[in-house]
Amino acid sequence: AQKVTQAQTEISVVEKEDVTLDCVYETRDTTYYLFWYKQPPSGELVFLIRRNSFDEQNEISGRYSWNFQKSTSSFNFTITASQVVDSAVYFCALSRDTGRRALTFGSGTRLQVQP
Amino acid sequence: DVKVTQSSRYLVKRTGEKVFLECVQDMDHENMFWYRQDPGLGLRLIYFSYDVKMKEKGDIPEGYSVSREKKERFSLILESASTNQTSMYLCASSPPVGRLRSEQYFGPGTRLTVT
């Protein structure tokens, strides 16, 4: 069985602070994919990143960066110099590399960035 | 850009009614999914379909059925709506296994209230 845990239910920061959203996953598969999605107040989930289990390189995209550590089964997401527009619910998700690749989601972390 | 549309953003139905939620995607994706989102639980998979007329149960299929008569359209049916089916329903689509970009693309969601 697969499981994704996002222990932080809600985080509140002041604009320009850095913030890290934690994600811990469980799977028995040797190959799998990890994802982060953003859900702004409008409700539509926006894809942010996909990471293959064989690729442990960290990735940076503008103010966003992701730290994948297979040894600790974690895939953490950091926003540098947060902005009010970053306020959203962020979901970490896991899918198998075989079969239909349905996603197993964490419960989400609500990020509030105060001006 | 992939576009996934859902027939309604908000829906109010009475207990016992038969409810149809429609989802259409315009990218010729083989896979389509229905999720339900509840506070503190993240998104949970109800059903998915990997081809026309093909479907598989997800984690919480009880009380739901689906229909996929055309590739672009995937319908979620609540045979007899109950108050515990009040939730946000999200549809998603994705290319088949093996495609380079296999992430799921989500619609805007339908917030269903059953009274």
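What counts as what
Residues numbered from 1 in each chain as written. Chains lettered and ligands numbered in written order. Predicted model: local features only at pLDDT ≥ 70, side-chain atom pairs only at ≥ 80, totals over all residues. Heavy atoms only, no water. Disulfide = S-S within 2.5 Å. Helix = DSSP H or I, 4+ residues; strand = E, 2+ residues; numbered from the N terminus. Buried < 20%, exposed > 50% of the residue type's maximum accessible area, 1.4 Å probe, protein only. Core = buried A, V, L, I, M, F, W, Y, C linked by side-chain atoms within 4.5 Å. Contact = heavy atoms within 4.5 Å. Pairing = 2+ DSSP bridges. Axes fitted to C-alpha atoms, helices over the stretch in contact; angles between N-to-C directions.

> Quick question: what am I supposed to make of the state of the cysteines here?
Put plainly, two cysteines are in a disulfide when a covalent bond ties their sulfur atoms together. In total, this model carries two disulfides over all chains according to the counting rule given. Paired by a disulfide, Cys23(A) and Cys92(A) hold their sulfur atoms 2.0 Å apart. Of note, the bridge from Cys23(A) to Cys92(A) carries an S-S torsion of about -65° and is left-handed in sense. Separated by 69 residues along the polypeptide, Cys23(A) in the loop between β3 (19-21) and β4 (24-26) and Cys92(A) in strand β10 (residues 88-96) bring together distant segments of the chain. Each of the two residues, Cys23(A) as well as Cys92(A), counts as buried. Across a sulfur-sulfur distance of 1.9 Å, Cys23(B) and Cys91(B) are joined as a disulfide pair. Here Cys23(B) and Cys91(B) share a disulfide; its torsion about the S-S bond, -80°, makes the bridge left-handed. One end of the pair, Cys23(B), is in strand β3 (residues 19-25); the other, Cys91(B), is in strand β9 (residues 87-94), and 68 residues separate them in sequence.

> Even after reading the chapter, I still don't get the nonpolar core, so can you show me in this structure?
Nonpolar side chains in soluble globular proteins tend to be buried together. All names here are of chain A. Of all hydrophobic cores here, the largest spans 24 residues; its most connected members are Trp36, Trp66, Phe77, Tyr90 and Leu111. Looking at which element gives the most residues to this core, the answer is β10, with four residues. Here Phe77 is in contact with Val19, Thr20, Leu21, Trp36, Leu48, Tyr64, Ser65, Trp66 and Tyr90, once residues within four sequence places are set aside.

> Where do I start with the sheet that holds strand β1 (residues 4-6) of chain B in this structure?
Sheet strands pair via backbone hydrogen bonds, and the direction of the pair is either parallel or antiparallel. Residue and element names in this part refer to chain B. Reading across from one edge, β1-β3-β8-β7 is the order of the four strands in this open sheet, with antiparallel pairing throughout. On the outer flanks of this sheet lie β1 and β7 (64-70), each paired with one strand and no other. Within the sheet, the average angular offset between the axes of one strand and its neighbour, ignoring direction, is 20°. As defined by bridge partners, β3 adjoins strand β8 (residues 73-78) across six bridges and the pair is classed as antiparallel. Its bridge partner lying in β8, Val19 is registered against Leu78.

Functional significance is not addressed by these values, which are geometric in nature.
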